[in-house]
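Fold and geometry: a report
These are the residues of each chain, in order.
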Amino acid sequence: MAPPSPYALKDRAGWLQGGVGFSQVEEATLAGKPAPYDTFPRLAETPTLFSAWQFELVGDRFHAGFELGGAFGVRRFRRYYQGDGSGGFDSVQAAFTNVDLFAGPWVGAEIGRGGRIYAGLAPALVYGTLERSAPGDLGYEVESQAWGHGLTFRAGIEFGLRSGSTMGLSFRTLDGEIDFGPAGLSEFDAWQVLFTASRSF
C-alpha cells in the first residue's frame with residue numbers, strides 16, 4: 001500500500017520541519033589571525049538541533065514560499081593567544097554556541113510518492129561568546145558575547161511515510177562574522193548535515 005501523499009492536501013499552508021545532526025567549522029579567524037592547527041572540533045563533537053517553518057505561497061507540484069527557522073549547537077575552539085596589555089599573553093577560547101536565526105525564500109518540488117526536494121537561501125543572525133583564561137588557569141570566563149550576521153544556504157530531500165509525514169536529509173552552510181569588540185572580529189565558515197522530518201500544516 002502506497003503511503004498517503006502530503007501533497008494531496010491542497011489547502012496546505014506549508015511545512016513544519018525539525019532536525020538533528022552535526023556541524024563542522026571549516027575555517028575561522030579571530031582579529032584576522034587563524035586558529036592554531038587542529039583546534040577545530042570533530043564532526044561528532046558538535047551536535048546541532050534545527051527547526052524551520054516553510055510557508056508555501058505559490059505553486060502545487062512545484063512551489064515557492066518563505067521560510068524562517070533556527071539552529072542551536074555548541075562549537076568550541078580550544079585556544080588562541082592574545083596580548084594581555086602588559087607584555088604577557090592570555091589564552092583565549094572562542095566558543096560559538098551556533099544560535100543562528102534565519103529567514104528567506106525557498107523553492108521545492110514533489111518527487112515520487114509523497115517525497116519532496118527543497119532549497120533555500122537566507123540571511124542569518126549568529127550568536128557567539130569569547131572566553132578568556134590566563135596561562136595556568138583551569139577554567140575560562142566569558143569575556144565578550146555578541147550577535148553577528150551571516151548567510152545560510154540549505155538543500156534537502158525527504159521521502160514520504162505512511163503517516164503522511166516526510167523524512168530525509170538536509171545539507172546546510174553558514175558563513176558569517178561576529179564582532180567581539182576590543183577582542184577583534186571573528187569570521188567563520190561552517191556546514192551542517194541534518195536528519196530531518198516534516199509535517200504539513
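Rules used in this analysis
Residues numbered from 1 in each chain as written. Predicted model: local features only at pLDDT ≥ 70, side-chain atom pairs only at ≥ 80, totals over all residues. Heavy atoms only, no water. Core = buried A, V, L, I, M, F, W, Y, C linked by side-chain atoms within 4.5 Å. Buried < 20%, exposed > 50% of the residue type's maximum accessible area, 1.4 Å probe, protein only. Helix = DSSP H or I, 4+ residues; strand = E, 2+ residues; numbered from the N terminus. Contact = heavy atoms within 4.5 Å. Polar contact = N/O pair within 3.5 Å; in protein donor to acceptor, adjacent residues only side chain to side chain.

Nonpolar side chains tend to gather and get buried jointly when the protein is soluble and globular. Judged by nonpolar contacts, the single largest core of 14 residues is most densely connected at F50, F102, V126, L174, I178 and F188. For this core, the elements supplying multiple residues, two or more each, are strand 3 (47–59), strand 8 (115–133), strand 10 (166–179) and strand 11 (185–200). Here the element with the most residues in this core is strand 8; it accounts for three residues.

Among the structural elements, L68 can be located in strand 4 (residues 62–73). L68 sits in the partly exposed class, given a relative accessible area of 35%. Taking C-alpha positions, L68 is 6.6 Å from G104, a pair spaced 36 residues apart along the chain. Beyond its immediate sequence surroundings of up to four residues, L68 is in contact with A52, W53, F55, F102 and A103.

Structurally, the position occupied by S165 is in the loop between strand 9 (141–160) and strand 10. Polar contacts involving the side chain of S165 include one to the side chain of R199, which spans 2.9 Å. If we ignore the near neighbours within four places in the chain, the residues touching S165 are F159, G160, S198 and R199.

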